[in-house]
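Residues per chain are reported as follows:
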Amino acid sequence: MSPQIVGAPAVPGAAVETDPTPVTVPAATDGEALAAAAATTTTAATTVGATGTVISAGATTGTATAAGAQATAAQGTAVPAASAQAAAVVTGAAKTAVTAAAVAKTAAAKTAVARTTAAKTAVAKSALTKSSLAKAVVAKNTVATTAVPRSTAGKPTAGPAATATPGASTATTALPGVPQALSARARTLAGAVRRRCADLARIESPSGDAPRLDALAEELAAGFRATGATARREPGPAGDHLVLEWEGRDESLPHLLIVGHHDTVWPVGTLADWPVTEQDGRLTGPGVVDMKGGLAVLESALSLLADLGERPHRTVRLVVVSDEEVGSPDGRRLVERQLRGAAAVLGLEPPHPDGRLKTARRGSTRVRLTVTGREAHAGNDAHDGVSAVDELVDQLVVVRDLAGQPGTELNAGRISGGSRANVVAGRAEAELGLRFATVEAQRRTLDDLARLAPLRPGARVRTEVLSSRPAWPERTGNPLLRHVRSLAAMLGQQLDGGPAGGAGDTNLPGSRGLPTLDGFGAVGAGAHARHEYIRLDQIAPRIALLAALLAVPLPRLRDRAEG
C-alpha cells in the first residue's frame, strides 16, 4: 500500500481543509521521471545505477565462462601440457567468477541505492503539489525558520534568503531541493512568458471593440487549453468573455476563483507610435502590465504544473471579462455567478510597484451626467434658447463641491456638447469617475448626484450610473495573505500587501467578505500611462508563486459560521 500524505495547517494556528481521500504518493518509477525533470543529482545517481547494472551483466557472463572452463578440464581428454593449461584456465576462471560475483554485488548495491535515492527524491518532488508541502511551509517551529531577504529601495526581492521570517519553516529541510527546483523551472519559462506577453500586447484590444476582443479571447483560450483547461466563450454586448476551468486533485473542495480581463484602455493604432519594446530589463507597450502580463504569467504557472504531471489542489476557475476597464457592466454577472461556493478569490491585476499584493480597494462608480437645453440661433434668437453646455458647466461646479467630502474623489474624464458656434447648444454630457474610501461615502455621494436639479429654467438634468463597484475595506488578521507570505518565504521571496487606490473585479468579492487578494499579475508600473512596463526580472518569481499557490492546500480562511 502506498504511503499517504496528510495536509497540515498553512499558517500557525489555522486548520487545513482536510481532504476526505488520502493523497497517494507516486511509485518509484513515476518518481524517477519527475525527479529527472527537476534535479540533475537524481539523474546522475540513476546513471551510476545503470552502469552498475551493465557491470553486473558482465559478471554473469564471466561466471558462465568459468563454468565452461571447469567442464573442459573435467573431460580429461587434453594432453598433459594442455591439462596444466586447462587447470590454469580453471583457476583463472574461478578467480574471475569470484571477482565477477563481487562486482555484481557491488553493482546491485549501487543500483539499489540509486533507485532508493531517486524514489526518495521523487517523492519529495512530487510532494510539492501535495499536502506535505503545506507542512513544509507552515510547520510550527518543528524546523528552523526560513531566511528571506528584505527588499531595498522599495524593490521586491526574490534572491537568496537573508533574514528570518517568523512562522515559516525551512522547506529545504522538510523537502530537500523542492523550492529550488520550482524556482529553477520558473526561470526556464520566463523567456517564453516575456515573448507571450509581447505577442498578446501586439493584439490591440480596446474596450468596446468586439471583433478585436473576440480575436484575443480565442488566442487566450487556445493557450489555456494547452495547460489542461476547459474553455468556453460567453457572449457579451461589447465582446466575448472567457470562463475556464481546471480540474483539481480533490473535486469535493470549494473552487478557487481567479479574475482577469483582456480589454485595455488603449485605442487601436497606439502601437504605431508606441510599439512593444524591451529595454533595460523592462518590457513596455500598451497593456503589458494591465493586464496581458498577468494573463501570460498565470498561463505559465499552470503550464509548469502540467509539465510536472500535476494538477491544482482544488478546482480552479478563471473568468476573463472583456469590459473591466469600463467597470465590467456586463462581465460583473459572470464574476458574481462564479463567486457562489468559492473558497477564495485571486486577481491578476498588477501588484503595487514594489511587488506588494493588494489587500483592499476603493469603491468606484462611473456616472453619465446629461443636460438637455433648447436650441436657437445664437445671434438672432439667443433669448429663446437654453444652453445645455452652460448648464453642464454650472452643474460640474456643484458636483465638484459634492465630491469634496471626505472619502470621495472625482475625475471629469470626458465632456461633450453642442453642434456649432452659432447654435445655442441643445445637449451636453459628461462622464464622471468617482472613487470612494468607504461604502458610506459611496452611498452618500450617489444619493446627492441623483438629486441634482436644473439651475436655469427650461433645462433638464439626468444622472445615470454606468457601472459601480463597492468599496473593498481592509480587514485585520488576513489568513490568505499570511498563507501567501509563507509560500513566498519558502521560495526565497519577501512579500507583503497593502490597500490600493484603484478598483477592479476583486472589489465585489472583497466587499462581501470573501477571502480575496489582488495583484498576482506581472510586477511593473505605469498602468494607463505611456510609460507602462513590466519588470523582466520579476516574471519567474511570480510564476513560481502562483504555481505553488495553486498546488498547495489552502488553510481555513473563514470561520465555520461564515460558511
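Above this note sits the structure.
Below you will find a few notes about this structure.

Cut-offs and rules
- Residues numbered from 1 in each chain as written.
- Predicted model: local features only at pLDDT ≥ 70, side-chain atom pairs only at ≥ 80, totals over all residues.
- Heavy atoms only, no water.
- Phe/Tyr/Trp six-rings, centres within 6.5 Å; stacked < 30°, edge-to-face > 60°.
- Helix = DSSP H or I, 4+ residues; strand = E, 2+ residues; numbered from the N terminus.
- Buried < 20%, exposed > 50% of the residue type's maximum accessible area, 1.4 Å probe, protein only.
- Lys NZ or Arg CZ within 6 Å of the ring centre and 35° of its normal.
- Pairing = 2+ DSSP bridges.
- Contact = heavy atoms within 4.5 Å.
- Axes fitted to C-alpha atoms, helices over the stretch in contact; angles between N-to-C directions.
- Parallel < 35°, antiparallel > 145°, perpendicular 65-115°, else oblique.
- Left-handed = near helix turned anticlockwise from the far one by under 90°.
- Nonpolar A, V, L, I, M, F, W, Y, C, P; charged D, E, K, R; others polar.
- Core = buried A, V, L, I, M, F, W, Y, C linked by side-chain atoms within 4.5 Å.
- Salt bridge = Lys/Arg side-chain N within 4 Å of Asp/Glu carboxyl O.

## Quick look at the packing of aromatic side chains
Applying the stated criterion to the full structure yields two aromatic pairs. Ring centres 5.7 Å apart and planes at 85° place the aromatic pair Phe-224 and Trp-246 in the edge-to-face group. Highlighted residues: Phe-224 in helix α7 (residues 210-225) and Trp-246 in strand β6 (residues 241-246), separated in sequence by 22 residues. Summarising the burial analysis for this pair, Phe-224 and Trp-246 share the class buried. Centroid distance Trp-266 to Trp-274: 5.0 Å. Interplanar angle 75°. Geometry classified as edge-to-face. By the burial criterion, Trp-266 is buried, and Trp-274 matches it. The positively charged end of Arg-282 is found above the aromatic ring belonging to Tyr-533, 3.8 Å away from the centroid.

## Topic: the sheet that holds strand β20 (residues 533-535)
The strand order across the open sheet formed by four strands is β8-β9-β20-β19, and the pairing between neighbours is antiparallel. Here the strands that pair on one side only, and so sit at the sheet edges, are β8 (277-279) and β19 (524-525). Pairing geometry for β8 and strand β9 (residues 282-284), over three bridges, is antiparallel. Following the sheet pairing, Glu-278 is matched in β9 by Leu-283. The strands touched by helix α9 (residues 288-307) are β9, β19 and β20; relative to β20, the strand with the most contacts, the crossing angle is about 45°.

## Thoughts on the packing of α9 against helix α15 (residues 539-551)
α15 packs onto α9 with a crossing angle of 60° between their chain directions and a minimal axis gap of 8 Å. One element, α9, and the other, α15, form an angle in the oblique class. Along this stretch, α9 crosses α15, giving a crossing that reads as right-handed. In contact with Val-297, Leu-298, Ser-300, Ala-301, Leu-302, Leu-304 and Leu-305 of α9, α15 contributes Arg-542, Ile-543, Leu-546, Ala-547, Leu-550 and Ala-551. The residue makeup of the contact of α9 with α15, split by class, is 11 nonpolar, one polar and one charged.

## Details of the nonpolar core
Among the nonpolar cores identified, the biggest contains 70 residues, and Leu-298, Leu-318, Val-484, Phe-520 and Ile-543 are the most heavily contacted of them. Residues in contact with Phe-520, not counting those within four places in the same chain, are Leu-346, Gly-347, Leu-348, Glu-349, Leu-357, Val-484, Arg-542, Leu-545, Leu-546 and Leu-549. Counting residues in each nonpolar core, the second largest holds 19 residues, with Val-367, Leu-402, Ala-428 and Leu-452 among its members.

## Regarding the pattern of salt bridges
Taken as a whole and assessed by the stated rule, the structure comprises 34 salt bridges. Note that Glu-278 and Arg-194 form a salt bridge whose closest N and O atoms lie 2.9 Å from each other. Here Glu-278 is found in strand β8, whereas its partner Arg-194 is found in helix α6 (residues 178-201), with 84 residues between them in sequence. On the accessibility criterion, Arg-194 (25% relative accessible area) is partly exposed. Across the salt bridge formed by Arg-233 and Asp-240, the nearest N and O atoms sit 3.0 Å from each other. Judged by its relative accessible area of 13%, Asp-240 falls in the buried class. Salt bridges linked by common partners bring Arg-366, Arg-414, Arg-427, Glu-429 and Glu-431 together as one network.

## What about the packing of helix α13 (residues 479-490) against α15?
It is the contact of α13 with α15, at a shortest axis distance of 10 Å, that shows an interaxial angle of 125°. Considered as vectors, α13 and α15 are oriented oblique to each other. By crossing handedness, the relation of α13 to α15 is classed as right-handed. Between α13 and α15, the contacting residues are His-483, Val-484, Leu-487 and Ala-488 on the first element and Leu-545, Ala-548 and Leu-549 on the second. Within the contact of α13 with α15, the residues separate by chemical class into six nonpolar, one polar and no charged.

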